[in-house]
Amino acid sequence: MFSSRSLDDDLAAVRDRYAPGSPVLDVDADFETLPPAAAEDLGLFVDGLDPASYPTEWLPDSVPDLLRKHTGPAFTVGLPGDGTVVRTTQTDPPAVLVKRRAEGTPDDFLAFLIAERLVQIGREPAPGAVRGDASNGGDPAGLPESFLPFFGERYRDLDAAIRRPDPETGESTTGFGPTDVFQVANALFDAWVGLHTRDAFASWADEYPRLFGAWVDAGDRLSGRLGDLSGEVARGDTDFPAATEYACSAVKHDLDLPAPYGALDTTAYRERGAPYAVAWAEKTFAALVDDEE
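Thresholds, definitions, all that
Residues numbered from 1 in each chain as written. Predicted model: local features only at pLDDT ≥ 70, side-chain atom pairs only at ≥ 80, totals over all residues. Heavy atoms only, no water. Salt bridge = Lys/Arg side-chain N within 4 Å of Asp/Glu carboxyl O. Helix = DSSP H or I, 4+ residues; strand = E, 2+ residues; numbered from the N terminus. Buried < 20%, exposed > 50% of the residue type's maximum accessible area, 1.4 Å probe, protein only. Pairing = 2+ DSSP bridges. Axes fitted to C-alpha atoms, helices over the stretch in contact; angles between N-to-C directions. Phe/Tyr/Trp six-rings, centres within 6.5 Å; stacked < 30°, edge-to-face > 60°. Lys NZ or Arg CZ within 6 Å of the ring centre and 35° of its normal. Core = buried A, V, L, I, M, F, W, Y, C linked by side-chain atoms within 4.5 Å. Contact = heavy atoms within 4.5 Å. Expected span 1.5 Å × (residues − 1).

In total, this model carries 16 salt bridges according to the counting rule given. Between Lys252 and Glu116 there is a salt bridge, with its nearest N and O atoms 3.0 Å apart. Taken as a pair, Lys252 in the loop between α10 (240–249) and α11 (267–272) and Glu116 in helix α4 (residues 107–121) lie far apart in primary sequence, 136 residues in all. This pair shows no difference in class: Lys252 is buried, exactly as Glu116 is. A salt bridge links Asp237 to Arg235; its shortest N-O distance comes to 3.0 Å. For Asp237, a relative accessible area of 52% puts it in the exposed group. Here the salt bridges share partners, and the residues they tie into one network are Asp8, Asp10, Asp108 and Arg210.

Structure, rendered in structure tokens:
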């Protein structure tokens, strides 16, 4: 299932600098969520396993099945939307996993994706930014593995801000569903993580020029559409959760974001984390509803 990946010199140097000792492993399958039997095989490549489970009280009544399973005691890694390369904090040391789909990814861009995960392993959040810390079922010190421990009990507040469920039926009154909440939560987490990593990428021009070039190129490919993203939403060409996902993916590339996403590209968001994200969602989705009435 897993095999150690040989790293080029620049990637090996990035690992030594940001995530010393972390294994980078090729996975012989694609997956959204790695099942328990396969996840346990990670123990062959690390010093120890520390499977995470999260309080069910963090979740509202209506959530995608995969997210509900993710909170349980079974050892699982990954969620939909995690991408070609993922990291897990449930191993000691944390590990980077490269999915089989990476075979079709250009070499330099794949190298950047691996480097990005290694940098993430070496970053730590500000106190209070992560709502689900190790004391209440969340991840240990460091950036959380996914958006669920990032939001912790505030995930219910995010759901309420986006869906505004009817107090009697629990049905959404905004037209947005549990999958939309999942998508927005993942996007907001991606933006917050990007605020912690982009300074490293921006400093690599001389030291790791191949990785720096891949970071710049990926940003260039995103930038063209950003300017008209609000127009796409207004015309109905792109729904708001998808637009949020696109805009948030640009944060790690240090691109200018259109309204209302510019508020996520701030030091305040980096330092306050989940409470800030929920406040942004409450204000933004309230405005969306008002515009439609």
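Let us look at the sheet that holds strand β4 (residues 85–88). Strand pairs in the sheet, formed through backbone hydrogen bonds, run parallel or antiparallel to each other. Spatial ordering of the open sheet is given by β1-β2-β6-β4, a layout of four strands whose pairing is mixed. Edge positions in the sheet fall to β1 (2–4) and β4, since each of these pairs with one other strand and no more. Strand after strand, the sheet turns through a mean of 30° between neighbouring axes, direction not considered.

The next subject is the packing of aromatic side chains. In this description, an aromatic ring pair is defined by two values, namely the gap between the centres and the angle between the planes. Considering all chains together, one arrives at 20 aromatic pairs under this definition. Measuring from centroid to centroid gives 5.7 Å for Phe240 and Tyr261, while their planes differ by 25°, and the two rings are stacked. Here Phe240 is found in helix α10, whereas its partner Tyr261 is found in the loop between α10 and α11, with 21 residues between them in sequence. With respect to burial, Phe240 and Tyr261 carry one shared label: buried. Arranged with centres 5.2 Å apart and planes meeting at 85°, the rings of Phe240 and Phe285 form a pair that is edge-to-face. In this pair, Phe240 is assigned in helix α10 and Phe285 in helix α12 (residues 274–292), connecting sequence segments 45 residues apart. In terms of burial, Phe240 and Phe285 fall into one category: buried. In this structure an aromatic cluster arises from ring pairing among Tyr18, Phe112, Phe201, Trp204, Tyr208, Phe212 and Trp215. If you follow Arg221 out to its NZ or CZ, it ends over the ring of Phe109, 5.4 Å from the centre. One cation-aromatic arrangement involves Arg225 over Tyr246; the distance from NZ or CZ to the ring centre is 4.4 Å.

The subject of this paragraph is the nonpolar core. Counting 53 residues, the largest nonpolar core has Phe147, Phe151, Tyr155, Leu158, Leu188 and Tyr269 as its most contacted members. Looking at this core, the elements that each hand over two or more residues are α5 (147–151), α6 (155–163), α7 (178–202), α8 (209–226), α10 and α12. If you tally residues by element for this core, the top one is α7, at eleven residues. Contacts of Leu158, omitting those with residues within four sequence positions, involve Phe151, Val181, Ala185, Leu188, Val278 and Ala281. With 26 residues, the next largest nonpolar core counts Ala102, Leu113, Ile114 and Ile121 among its residues.

Residue Asp92 is joined to Pro93 through a cis peptide bond whose omega torsion reads 0°. The omega torsion of the bond from Ala259 to Pro260 falls at 5°, within 30 degrees of zero and hence cis. For Pro260, the position within the fold is in the loop between α10 and α11. The phi dihedral of Arg164 falls on the positive side, at around 45°, and the residue is not glycine. Mapping Arg164 onto the fold places it in the loop between α6 and α7. Since its relative accessible area comes to 34%, Arg164 is described here as partly exposed. In this structure, Asp254 is a non-glycine residue whose phi angle is positive, near 60°. Take Asp254: it is sitting in the loop between α10 and α11.

End to end, α7 covers 36 Å across 25 residues, agreeing with the expected 36 Å (1.5 Å per residue, within 8%). In terms of burial, α7 is largely enclosed, as 20 of its 25 residues are buried.

In this fold, Glu232 is placed in helix α9 (residues 229–235). When sequence neighbours within four positions are dropped, the list of residues in contact with Glu232 reads Arg225, Asp237 and Thr238.

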